[in-house]
Amino acid sequence: MNDFTMQENGVFPSVCSLDCPDQCGLLIHKENGKIVKVAGDKNHPVTQGNICNKVRNMTERIYDKKRLSVPLKRIGKKGEGKFEPISWREAIDTISSRWKKLIDKEGAESILPYSFYGNMGRLQSEGMDRRFFNYLGASQLERTICNTAGSVGYNYTMGSAHGIDPEETIHSKLFIFWGINAVSTNMHQITIAQKARKKGAKIVVIDVHKNQTGKLADWFIPINPGTDGALALGIMNILFEKNLQNDAFLKTYTTGHEELREHVKQYAPKKVANITGVPEEDLYQLAIMYGETSPAFIRIGNGIQHHDNGGMIVRTISCLPAITGQWLEKGGGATKGNSAFLQFNKQALQRPDLLKGRRPRSFNMNQLGTILTETDPPVYSLFIYGTNPAVVAPEANKVREGFMRDDLFTVVHDLFLTETAKYADIVLPATSSFENLDFYTSYWHHYIQIQQPVIKPFAESKSNTEVFRLLAKAMGFDEPALQDTDEDMIRQSLYNTGNSHIEGITYEALLENQFMKAKRQPLLPGTLKTPSGKIELYSEAMKKDGYSPLPVHTDLLDDSEFPLTFIPGPNHNYLNSTFSNNEKHQKLEKEPKAFINIDDANERGIKTGEKVRIWNDRGECVLTVSAGDQVLPGAVVTQGLWADAKDKQQLVNALAPDRLSDMGGGAVFFSGKVQIEKI
Ligand SMILES: Nc1nc2c(c(=O)[nH]1)N[C@H]1C(S)=C(S)[C@@H](COP(=O)(O)OP(=O)(O)OC[C@H]3O[C@@H](n4cnc5c(=O)[nH]c(N)nc54)[C@H](O)[C@@H]3O)O[C@H]1N2
Ligand SMILES: Nc1nc2c(c(=O)[nH]1)N[C@H]1C(S)=C(S)[C@@H](COP(=O)(O)OP(=O)(O)OC[C@H]3O[C@@H](n4cnc5c(=O)[nH]c(N)nc54)[C@H](O)[C@@H]3O)O[C@H]1N2
Ligand code: SF4
Ligand SMILES: [Mo]
């Protein structure tokens with residue numbers, strides 16, 4: 001292995017570590033030992049040298065004056081942000097001695113790791129940390145904040161996170177972007193769609209908000225929040241009515257098509273139009289367009305599954321390609337996520353065997369506020385890394401109330417003094433991904449990539465894997481797996497994977513190639529990972545789990561008397577809350593806006609540009625209104641998880657409910673109800 005960190009000048013291959021499906025290949029330009037430019041790698045077959053604005057500006061984040069350089073200990077009140085520097089030795093000693101005492105007195109389950117994928121590197125996000133906390137016997141965390149509802153829903157229909165290869169979508173003649181703001185969140189799928197459009201393909205966008213992606217569409221279809229399942233069922237109704245189904249495919253590759261055909265009769269176009277807000281004529285046009293175009297591709301986004309009924313919505317939409325037999329066409333089918341193509345040896349990486357048969361209690365990460373304020377016996381210590389829950393978790397006020405507890409010992413490991421870190425007792429500085437060795441598996445394209453360290457660790461920062469190795473030593477844990485090197489862990493993860501798609505992809509091969517593609521094996525013909533091995537339009541497993549075995553529409557919960565549905569989505573220039581502390585990114589976003597329909601605005605005497613208070617029983621925030629036809633009546637859409645302003649008035653997650661979606665314990669950020677008034 002060439003040590004890039006020893007080379008003062010040059011251009012080095014790399015990979016974007018952010019939680020983004022595109023997982024771009026990068027080229028890092030170095031001068032005098034420092035990164036001077038982050039660019040796209042033209043050789044990467046999918047991302048082809050194009051990267052987003054966010055990461056083009058990454059150099060600024062790496063060398064930001066605000067970046068944490070040394071460990072800190074809190075000297076002010078929790079949340080105040082007053083700290084003083086300490087040595088790593090003191091930091092690790094403080095943590096390990098507090099934990100030893102806690103384990104003696106309250107048991108290991110009084111400690112809760114809390115993390116997410118701020119760095120998508122497999123080792124940094126779910127490697128040594130998992131080993132360490134398994135060995136310790138800490139409470140377990142269900143990492144459900146992002147896509148679990150939709151993934152569980154998709155798997156009921158299709159068996160696993162296999163969709164179609166994005167490179168094949170160049171052959172698609174119809175792109176349906178369904179609940180995905182792909183211009184911001186999956187830009188290379190848009191690039192492919194644009195290329196296909198030059199050859200005659202059409203782009204349809206179904207969304208509650210006419211954002212950048214909606215504006216780019218050939219046809220934008222606005223829809224009422226949480227009603228996409230009904231829309232899909234209405235499309236099925238018309239497909240069968242017009243005899244546009246593919247009978248041969250249905251017979252060979254699916255279960256329950258006859259039951260489904262009967263079942264969808266209740267979703268008559270008129271009824272569906274009433275539920276969804278999509279006019280009957282449009283519904284017919286969409287269904288016929290879908291039925292008559294092949295190959296047709298549906299890109300299923302995360303927006304539709306951040307709802308009370310999100311699992312069932314994705315389960316329902318993922319039945320559509322089977323009705324018309326799209327899975328046999330090159331470029332036809334759907335993609336919710338593709339992570340299963342690159343499934344590595346997770347057991348070897350995470351070592352669940354280190355639990356030694358113990359089954360510690362388990363918490364859903366979406367309910368952090370409730371966990372901290374209501375659990376008995378309490379959680380007395382949190383170790384937070386790779387996530388910023390004070391901003392990104394629902395019921396943000398309750399989360400912060402929990403962080404304030406005097407008897408809670410909180411450690412935060414991050415690159416910055418985030419809103420969350422301000423509540424910590426000990427703050428540890430983290431390396432950026434460019435400072436680590438790691439491997440990456442995209443959840444959209446089919447490439448595994450390697451990251452070799454390009455620069456030395458910034459100041460005194462340490463990687464996640466290194467911090468857990470240090471903690472293991474300080475705790476007196478003599479388990480050898482807790483001292484494995486990063487290279488060891490990559491080798492273990494790629495050995496004996498049981499996944500024929502990535503056979504032959506080894507550490508050495510990655511060093512040589514930088515990125516390597518999963519072997520192409522079309523989903524069908526073949527056996528799927530559903531119980532029947534087929535696409536399950538009717539699912540016995542769902543029935544057993546207490547769901548309707550056939551896809552259905554259910555309404556969002558009426559969580560209060562408030563009339564409007566609040567949809568606080570992500571924005572273009574931040575990545576969740578990452579970059580929200582950077583002035584350039586803030587300027588590009590200008591200010592946090594609330595998009596409402598002109599009728600809702602007029603009813604309340606609100607005009608574009610005016611400040612409004614948005615509130616419910618959970619909290620409130622203050623945003624600037626944009627009134628018009630970007631959303632249907634009844635919806636309020638905002639974009640971006642903004643860093644705390646002085647008065648925290650932009651904390652949209654103060655309003656988001658922490659109840660769970662119908663499947664997978666998923667988050668329901670977009671199902672909360674609010675009221676809105678002019679200030
Ligand atoms: N620039 C940027 N890129 C990102 C991120 C970011 O913050 N910024 N975040 C990353 C992460 S972690 C994720 S999970 C993905 C998320 O990216 P996406 O999969 O695009 O998901 P969202 O942006 O949450 O929501 C997508 C769209 O769903 C719409 N929506 C909400 N409710 C409904 C509904 O009921 N029906 C329909 N049809 N549409 C609805 C929203 O208006 C939004 O336009 O993006 C990743 N990429
Ligand atoms: N209202 C609303 N809320 C949402 C969403 C939404 O659409 N609307 N989206 C939800 C979704 S889909 C997701 S995935 C979550 C994401 O939420 P988070 O996972 O919290 O994502 P970020 O806000 O980007 O925070 C990641 C943090 O990890 C840190 N970090 C990066 N690399 C490393 C590393 O190597 N080591 C350590 N220790 N730290 C590192 C970064 O500096 C940053 O502070 O937010 C959810 N919250
Ligand atoms: S955030 Fe996404 S689009 Fe931007 S560079 Fe990273 S992987 Fe590519
Ligand atoms: Mo996410």
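Criteria and cut-off values
- Residues numbered from 1 in each chain as written.
- Chains lettered and ligands numbered in written order.
- Predicted model: local features only at pLDDT ≥ 70, side-chain atom pairs only at ≥ 80, totals over all residues.
- Heavy atoms only, no water.
- UniProt positions renumbered as here; feature names shortened; annotations may be inferred.
- Domains from an automatic or database assignment.
- Buried area = accessible area lost by both parts, 1.4 Å probe.
- Salt bridge = Lys/Arg side-chain N within 4 Å of Asp/Glu carboxyl O.
- Polar contact = N/O pair within 3.5 Å; in protein donor to acceptor, adjacent residues only side chain to side chain.
- Helix = DSSP H or I, 4+ residues; strand = E, 2+ residues; numbered from the N terminus.
- Nonpolar A, V, L, I, M, F, W, Y, C, P; charged D, E, K, R; others polar.
- Near = heavy atom within 4 Å.
- Areas by Shrake-Rupley, 256 points an atom, 1.4 Å probe, with all protein chains shown as cover.
- Buried < 20%, exposed > 50% of the residue type's maximum accessible area, 1.4 Å probe, protein only.
- Arc of directions from axis to C-beta.
- Axes fitted to C-alpha atoms, helices over the stretch in contact; angles between N-to-C directions.
- Parallel < 35°, antiparallel > 145°, perpendicular 65-115°, else oblique.
- Contact = heavy atoms within 4.5 Å.
- Pairing = 2+ DSSP bridges.
- Core = buried A, V, L, I, M, F, W, Y, C linked by side-chain atoms within 4.5 Å.
- Patch = residues over 30% accessible without salt bridge, like charges linked within 9 Å, V, L, I, M, F, W, Y side chains within 5 Å.
- Lys, Arg positive; Asp, Glu negative; His and termini not counted.
- Charge placed at Lys NZ, Arg CZ, Asp CG, Glu CD.

Under the annotation held in an unreviewed UniProt entry, the protein chain carries the name Oxidoreductase and is attributed to Bacillus gobiensis. Under the heading Sequence similarities (unreviewed entry), UniProt records this for the protein chain: "Belongs to the prokaryotic molybdopterin-containing oxidoreductase family." Entered under Cofactor (unreviewed entry) in the UniProt record, the comment concerning the protein chain runs "Mo-bis(molybdopterin guanine dinucleotide)".

Visitor: Describe the domain arrangement of the protein chain, listing the residues and the values that go with them.
Guide: Examined at the domain level, the protein chain breaks down into domain 1 (154-338 + 540-544) and domain 2 (564-678). Both faces considered, domain 1 and domain 2 share a buried interface measuring about 1,800 Å² in area, 56% of it formed by carbon and sulfur atoms. Counting the surface domain 1 buries against domain 2, the share from its top three residues, H209, H306 and D308, is 35%. Scanning the region where domain 1 abuts domain 2 turns up 1 salt bridge. Notably, a salt bridge pairs R659 with D308, separated by 2.7 Å at the nearest N-O pair. Across the contact surface, domain 1 and domain 2 share 12 residue pairs in polar contact (both at pLDDT 80 or more). Contributions of two or more residues to the side of domain 1 that touches domain 2 are made by α7 (182-185), α9 (212-216) and α15 (310-317). It is α15 that contributes the most residues to the side of domain 1 that touches domain 2, 3 residues altogether. For the side of domain 1 that touches domain 2, the class distribution of residues is 8 nonpolar, 14 polar and 3 charged.

Visitor: Help me get a handle on the site of ligand 1, residues and values and all.
Guide: Taken together, 30 residues sit near ligand 1, with D207, G226, D228, Y574 and N576 positioned nearest. Here T185 contributes a side-chain N or O atom positioned 2.8 Å from an oxygen atom of ligand 1. G226 is positioned with one of its backbone polar atoms (N or O) 2.7 Å from an oxygen atom of ligand 1. In the complex, 95% of the free accessible area of ligand 1, which totals 920 Å², lies under the protein chains.

Visitor: Pulling in residues and values, what's your account of the site of ligand 2?
Guide: Around ligand 2 lies a shell of 30 residues, among which T387, D414, S577, T578 and N653 are the nearest. Between ligand 2 and the protein, one listed contact pairs an oxygen atom with a backbone N or O atom of N388 at 2.8 Å. Between L575 and ligand 2, the recorded distance is 3.0 Å, taken from a backbone N or O atom to an oxygen atom. Here the residues of the shell around ligand 2 sort into 13 nonpolar, 14 polar and 3 charged.

Visitor: Talk me through helix α22 (residues 486-494); I want residue IDs and the actual numbers.
Guide: Among all positions of α22, only D486, M489, I490, S493 and L494 are buried. Along the long axis of α22, the arc covered by the buried residues comes to 125 degrees, so they all point the same way. At the C-terminal side of α22, N496 shows a positive phi close to 55 degrees.

Visitor: How would you summarise the packing of helix α13 (residues 269-276) against helix α14 (residues 280-292) if you had to cite specific residues and measurements?
Guide: Between α13 and α14, whose axes approach to 9 Å, the crossing angle comes to 110 degrees. What the angle tells us is that α13 and α14 run roughly perpendicular. Contact residues: P269, K270, V272 and A273 in α13; E280, L283 and Y284 in α14. Its residues assigned to classes, the contact of α13 with α14 shows 5 nonpolar, no polar and 2 charged.

Visitor: Account for the sheet that holds strand β24 (residues 611-616), with residues named and values stated.
Guide: Pairing between sheet strands relies on hydrogen bonds along the backbone, with the strands arranged either parallel or antiparallel. The strand order around the closed barrel built from 6 strands is β22-β26-β23-β25-β24-β27, with neighbouring strands paired in mixed fashion. Within the sheet, the average angular offset between the axes of one strand and its neighbour, ignoring direction, is 45 degrees. The pairing of strand β23 (residues 593-597) with strand β25 (residues 619-628) spans 5 bridges and is parallel. Within β25, the position partnered with F595 by the bridge is S626.

Visitor: For the nonpolar core, give the residues involved together with the corresponding values.
Guide: Ranked by size, the top nonpolar core spans 133 residues in total, and within it W178, W327, L382 and I614 carry the most contacts. Here the element with the most residues in this core is helix α10 (residues 228-241); it accounts for 8 residues. Both of domain 1 (154-338 + 540-544) and domain 2 (564-678) provide at least three residues apiece to this core. When near neighbours in sequence (up to four residues on either side) are disregarded, W178 contacts I206, D228, L231, A232, I235, I298, R299, I300, G301, I304, I317 and L320. Among the nonpolar cores identified, the runner-up in size contains 48 residues, and L349, Y385, L437 and I448 belong to it.

Visitor: Describe unusual backbone geometry, with residues and values.
Guide: Note that the residue after S294, namely P295, is joined by a cis bond; omega there is -5 degrees. Considering the arrangement of structural elements, one finds P295 in the loop between α14 and β12 (296-300). Look at the link from D376 to P377: it is a cis peptide, with omega at -5 degrees. In this structure, P377 sits in the loop between α18 (368-374) and β15 (381-385). One non-glycine residue, K590, lies in the positive phi region at around 65 degrees. Here K590 shows up in the loop between α25 (583-589) and β23. Given a relative accessible area of 70%, K590 falls into the exposed group.

Visitor: Account for a positive patch on the surface, with residues named and values stated.
Guide: A contiguous patch of positive charge, built from K210, K215, K590 and K593, is present on the exposed surface. Position of K593 among the secondary structure elements: in strand β23. A relative accessible area of 33% places K593 in the partly exposed class.

Visitor: Tell me about the pattern of salt bridges, and please be specific about residues and values.
Guide: Pairs can form between side chains of opposite charge whenever their charged atoms are close. Summed over all chains, the structure comprises 35 salt bridges. The partner of K73 in a salt bridge is E84, and the shortest N-O contact between them spans 3.7 Å. Note that K73 is positioned in strand β4 (residues 72-74) and E84 in strand β5 (residues 83-85), a separation of 11 residues in sequence. For E610, the salt bridge is made with K678, and the minimal N-O distance between the two is 3.5 Å. In this pair, E610 sits in the loop between α26 (598-603) and β24 while K678 sits in strand β27 (residues 672-678), placing the two residues 68 residues apart along the sequence. With relative accessibility at 39%, the residue K678 sits in the partly exposed group. Overlapping salt bridges, with partners in common, bring together R122, E126, D129 and R130 in one network.

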